[in-house]
Amino acid sequence: MNTENFIPVQTICTCYQVEVAFLNGLNEIGLVEINIIENAAYIHQDQIRAVEKMIRLHNDLDVNIEGIDVVFNLLNKLHAMQDELTSVQRRLRMYEG
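What you are looking at is a predicted structure, and each value in this text was computed from that prediction instead of being measured.

Enquirer: Looking at this model, I keep getting lost on the side chain of Asn35. Mind explaining?
Expert: The residue Asn35 is located in strand 2 (residues 34-37) in this model. Taking relative accessible area as the criterion, Asn35 reaches 17% and is therefore assigned buried.

So, in structure tokens, the structure goes:
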């Protein structure tokens, strides 16, 4: 598999000053997908923004991995509700207009 779009876990840990165990914990509960390529752990570049948010929650607010899971689940529900509200508003405008 090509590692072009992947970032080594060790690089992420060095840049953001987090332990590999932290990223492994995020992987275990399904918040991050760690791919093993040629005996090295990688995270796809599309996940980096979410990983950065998780690291900030952990470091700045001292939120543990389970708390991060709760926060991200609530954020996903919030985004789904916002999308549904936007859809309902469009339909309402269609009937009003």
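So that's the structure; there's more coming.
Enquirer: When you look at the nonpolar core in this model, what are you seeing that I'm missing?
Expert: As a rule of thumb, soluble globular proteins bury nonpolar side chains together. Ranked by size, the top nonpolar core spans 20 residues in total, and within it Phe22, Leu23, Leu26, Val32, Ile43 and Ile68 carry the most contacts. If you list the elements that add at least two residues to this core, you get helix 1 (9-16), helix 2 (20-28), helix 3 (48-61) and helix 4 (65-96). Setting aside chain neighbours within four positions, we find Ile68 in contact with Phe22, Leu26, Leu31, Met54, Leu57, His58 and Val63.

Enquirer: Any chance you could explain the state of the cysteines here in plain terms?
Expert: Working definition of a disulfide: a covalent bond connecting the sulfur atoms of two cysteines. Following the criterion strictly, the structure yields 0 disulfides and no others. Its sulfur unpaired, Cys13 is 9.5 Å from the next cysteine sulfur, which belongs to Cys15. Looking at Cys13, the relative accessible area reads 5%, which means it is buried. Take Cys15: its relative accessible area is 57%, and that puts it in the exposed class.

Enquirer: Help me understand the environment of Met54, please; the structure alone is not making it clear to me.
Expert: Its place among the elements puts Met54 in helix 3. Taking the C-alpha atoms as reference points, Met54 and Glu84, separated by 30 residues in sequence, lie 26 Å from one another. Once residues lying within four places of it in the same chain are set aside, the contact partners of Met54 are Phe22, Leu26, Leu31, Val32, Ile68 and Phe72.

Enquirer: Got a minute to help me understand the packing of helix 3 against helix 4 in this structure?
Expert: Packed helix pairs are specified by the crossing angle of their axes together with the interaxial distance, meaning the distance between the axes. Where helix 3 meets helix 4, the axes come as close as 10 Å, and the angle between the chain directions of the two elements is 130 degrees. By the angle between their directions, the pair helix 3 and helix 4 is classed as oblique. Here helix 3 runs over helix 4; the crossing is right-handed. Residues Ala50, Lys53, Met54, Leu57 and His58 of helix 3 form the contact with helix 4, whose participating residues are Ile68, Val71 and Phe72. Each residue belonging to the contact of helix 3 with helix 4 can be placed in one class, and the counts come to 6 nonpolar, 1 polar and 1 charged.

Conventions we followed
Each chain has its residues counted from 1, following the order in which its sequence is written. Where totals are concerned, whole chains, interfaces and linings use all residues; where local detail is concerned, this predicted model gives features only for residues with pLDDT of at least 70, and gives and counts side-chain atom pairs only at 80 or more. Note that the side-chain values use all heavy atoms of the structure and ignore hydrogens as well as water. Labels follow the DSSP assignment, with helices taken as runs of H or I lasting at least four residues and strands as runs of E lasting at least two, numbered in each case from the N terminus. Classification of residues uses two cut-offs on accessible area relative to the type maximum, computed with a 1.4 Å probe and protein chains only: under 20% is buried, over 50% is exposed, and between them is partly exposed. To qualify as a nonpolar core, a set must consist of buried Ala, Val, Leu, Ile, Met, Phe, Trp, Tyr and Cys residues joined through side-chain atoms within 4.5 Å. We call two residues in contact whenever any of their non-hydrogen atoms come within 4.5 Å of each other. In this description, the term disulfide denotes a pair of cysteine sulfurs within 2.5 Å. The axes used here are C-alpha line fits, helices contributing only the stretch in contact, and every angle between their N-to-C directions lies in the interval 0 to 180 degrees. In these notes the angle categories are as follows: under 35 degrees is roughly parallel, over 145 is roughly antiparallel, 65 to 115 is roughly perpendicular, and the rest is oblique. The crossing is said to be left-handed when, going from far helix to near helix, the turn is anticlockwise and less than a right angle, and right-handed when the turn is clockwise. Ten residues, namely Ala, Val, Leu, Ile, Met, Phe, Trp, Tyr, Cys and Pro, are considered nonpolar, four, namely Asp, Glu, Lys and Arg, are considered charged, and the remaining ones, Gly among them, are considered polar.

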